[in-house]
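If you want the building blocks of each chain, they are given just below.
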Amino acid sequence: MTALSRLDATRRIAAAFEGEPIVASLGHPAYDLFATGDRDTYFYTWGSMGLASSIGLGLAMAKPDRRVVVLDGDGSLLMNLGSLATIGWVKPANLVVVVIDNRLYGTTGGQETATAHGADLEGAARALGINRCITVSALDDLDGALARAREYPGPWVVVARVDETPPTLKPPQDCVFIKQRFMRAIGSPEGGTQGGPA
Amino acid sequence: MPTDLPIWAAGVCAGLHAAGSRHVVYVPDNPLSHVLRGLREQYADVVTTIATREEEAFGIAAGLYLGGHRPTVMLQSSGLGNSLNALTSLLVPYQIPALIVISMRGDANEWNAAQVPMGRAVAAICDAIEIPHTDPASAGDVAETVALVGRTAFATRRAGACLLPRRLTVPAPAVPRR
């Protein structure tokens, strides 16, 4: 079995969910998502560590007819495990949370996370009420998991065990630009950007 | 309205609805239970979602806004501390608005000393992170205040808070007079 790099995994995720909104956790997950080819449907977070899955949940509730994808990290999800309980309760069928599990706090210098020492995020998701969960560590398995997440209603948690690779690009840094572009792309343009009757 | 719903709580329900909010994300609080009951009984078009923690509530609210909703977040003032990273690194820099309804602890009519330090700090924290905050003057003033704070937040794309003083939300013991 060949190791799965985060960038390769991210390329497959971006391809699997082309045209669908992706909320990216700050740091390396967002950097690599940008590196796979920037799209208007990407919401890059620059802070709020741990909240990508919460943002995704809110978006999934607001847009029940659209699939919403979250690109989370293991360190980030460990900071907000309660989010899995809320997702497991609300059970939005249109939400797919992909956890990029490199077993490291990659953006802050590579300190190990608890998943390097046995913490099982798939098991946590299952225990907190999310029934469709899978862990993959090879490219073919990731493709299969993403195909199933597209085919069957969620909420899904797909844990992709990857190897850390140094990112080479950073997404746009203007937060308001990211928000306005994203909202326009997913069909909920912000009122303040539209103009209208005097 | 049912006679047992306090005026201030009916005001929060009416105010958030008038501001166009149809989704309330919250962490529970004893006084806010009246608001939740009011929403359940009289505002069938308002969805409520409970979060495990206040910062999670703000994350969910941000997602709701990105999807075209006008979210309300309800919390006890003690949860403002739990909310700070979400507010300062998501809602404020991305200019994502939310109507924030805060049930105050630690102000006049408090009995629990552990609630006092954060309660006293709420206004200063809001000022420090540039979240405008307004206190309704009386129970009868709550509906207008909540509606105004919400409309301003969504029109200006800046989160705004309505602070509900404890002297309004919790009955105070009567003072004997002679």
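Residues numbered from 1 in each chain as written. Chains lettered and ligands numbered in written order. Predicted model: local features only at pLDDT ≥ 70, side-chain atom pairs only at ≥ 80, totals over all residues.

**Overview of the overall build of chain A**
Here's step 1: Of the regular secondary structure elements, chain A holds 8 helices and 8 strands.
Here's step 2: Against the globule reference of 16 Å for 198 residues, chain A gives a C-alpha radius of gyration of 16 Å, in line with a compact fold.
Here's step 3: On the principal axes, the C-alpha backbone points of chain A span a range of 60 × 35 × 30 Å.
Here's step 4: Taken across its 198 residues, chain A has 49% of its residues classed as buried.
Here's step 5: Put simply, of all contacts in chain A between residues at least 6 apart along the chain, 74% involve residues at least 24 apart. (Helix = DSSP H or I, 4+ residues; strand = E, 2+ residues; numbered from the N terminus. Rg over C-alpha atoms; globule rule 2.2 N^0.38 Å. Buried ≥ 20, exposed ≤ 12 C-beta atoms within 10 Å, placed from the backbone. Contact = placed C-beta atoms within 7 Å.)

**Side note on helix H1 (residues 6–16) of chain A**
Residue and element names in this part refer to chain A.
Here's step 1: What H1 keeps buried is the set Arg6, Ala9, Thr10, Ile13 and Ala14. Along the axis of H1, the buried residues cluster in a sector spanning 135 degrees; they form a single face.
Here's step 2: In this fold, the buried residues of H1 make contact with helix H2 (28–35), strand S3 (68–73), strand S4 (95–101), helix H7 (139–151) and strand S8 (156–161). (Arc of directions from axis to C-beta.)

**Thoughts on helix H5 (residues 82–90) of chain A**
Quick reminder: α-helices carry 3.6 residues per turn. Residues three or four places apart thus point the same way.
Residue and element names in this part refer to chain A.
Here's step 1: Within H5 the residues assigned to the buried category are Ser83, Leu84, Thr86 and Ile87. Down the axis, H5 shows its buried residues gathered within 160 degrees of arc, on one side only.
Here's step 2: Following H5 by one or two positions, lysine 91 has its phi on the positive side, about 50 degrees.

**Focus: the nonpolar core**
Here's step 1: Ranked by size, the top nonpolar core spans 112 residues in total, and within it Leu71, Val98, Val158 and Ala160 of chain A together with Ala98 and Ile102 of chain B carry the most contacts.
Here's step 2: Not counting the four nearest positions on each side in its chain, leucine 71 of chain A is found in contact with Ile13, Ile22, Val23, Ala24, Ser25, Pro29, Leu33, Ala52, Val98 and Ile100 of chain A. (Core = buried A, V, L, I, M, F, W, Y, C linked by C-beta atoms within 7 Å.)

**A short note on the sheet that holds strand S2 (residues 42–44) of chain A**
Residues and elements named next belong to chain A.
Here's step 1: The 6 strands are arranged S2-S1-S3-S4-S8-S7 in an open sheet whose pairing can be described as parallel. On the outer flanks of this sheet lie S2 and strand S7 (132–136), each paired with one strand and no other. Averaged over all pairs of adjacent strands, the angle between strand axes in this sheet comes to 15 degrees, irrespective of strand direction.
Here's step 2: Pairing analysis gives 5 bridges linking S7 to S8, with the strands arranged parallel. Of the residues in S8, the one forming a bridge with threonine 135 is valine 159. (Pairing = 2+ DSSP bridges. Axes fitted to C-alpha atoms, helices over the stretch in contact; angles between N-to-C directions.)

**A closer look at the packing of helix H1 (residues 7–18) of chain B against helix H2 (residues 32–42) of chain B**
Residue and element names in this part refer to chain B.
Here's step 1: Where H1 meets H2, the axes come as close as 8 Å, and the angle between the chain directions of the two elements is 55 degrees. Between H1 and H2, the crossing angle belongs to the class labelled oblique. As for the relative orientation of H1 and H2, their crossing is right-handed in sense. Side by side, H1 and H2 meet where Ala9, Ala10, Val12 and Cys13 of the first sit next to His34, Val35, Gly38, Leu39 and Gln42 of the second.
Here's step 2: Taken together, the residues of the contact of H1 with H2 break down into 6 nonpolar, 3 polar and no charged. (Parallel < 35°, antiparallel > 145°, perpendicular 65-115°, else oblique. Left-handed = near helix turned anticlockwise from the far one by under 90°. Nonpolar A, V, L, I, M, F, W, Y, C, P; charged D, E, K, R; others polar.)

**Focus on the interface of chain B and chain A**
Here's step 1: At the junction of the two partners, chain B supplies 25 residues and chain A supplies 27 residues.
Here's step 2: Where the side of chain B that touches chain A is concerned, the elements lending two or more residues are helix H3 (54–66) and helix H4 (80–91) of chain B.
Here's step 3: Looking at the side of chain B that touches chain A, the element that brings in the most residues is H3 of chain B, giving 9 residues.
Here's step 4: When the residues that make up the side of chain B that touches chain A are grouped by side-chain class, the tally is 11 nonpolar, 10 polar and 4 charged.

**Re the packing of H1 of chain A against H2 of chain A**
All names here are of chain A.
Here's step 1: Contact pair H1 / H2: the axes reach a minimum separation of 9 Å and the direction vectors enclose 60 degrees. The two elements H1 and H2 cross, and the hand of that crossing is right-handed. In this structure, H1 uses Arg6, Leu7, Thr10 and Ala14 to contact H2, whose residues at the interface are His28, Asp32, Leu33 and Ala35.
Here's step 2: Considered class by class, the residues forming the contact of H1 with H2 number 4 nonpolar, 2 polar and 2 charged.

**Here we look at the sheet that holds strand S3 (residues 71–76) of chain B**
Residues and elements named next belong to chain B.
Here's step 1: The sheet built from 6 strands is open, its strands ordered S2-S1-S3-S4-S6-S5 with parallel pairing. Lying at the two open borders of the sheet, with one neighbouring strand each, are strand S2 (47–50) and strand S5 (133–134).
Here's step 2: Strand direction decides the pairing type here: strand S4 (residues 99–103) and strand S6 (residues 160–164), joined by 5 bridges, are parallel. Among the inter-strand pairings, valine 101 is bridged to a residue of S6, identified as cysteine 162.

**Let's talk about the environment of proline 21 of chain A**
Residue and element names in this part refer to chain A.
Here's step 1: Of note, proline 21 is situated in the loop between H1 and strand S1 (22–24).
Here's step 2: Looking at proline 21, the number of C-beta atoms within 10 Å reads 27, which means it is buried.
Here's step 3: Distance from proline 21 to phenylalanine 182, taken between C-alpha atoms, is 8.1 Å for residues 161 residues apart in sequence.
Here's step 4: Ignoring anything within four residues of it in the chain, the contact list for proline 21 reads Thr41, Phe43, Leu59, Arg66, Val68, Val69 and Ile186.

Interpretation note: all reported values are geometric properties and have no functional meaning in isolation.
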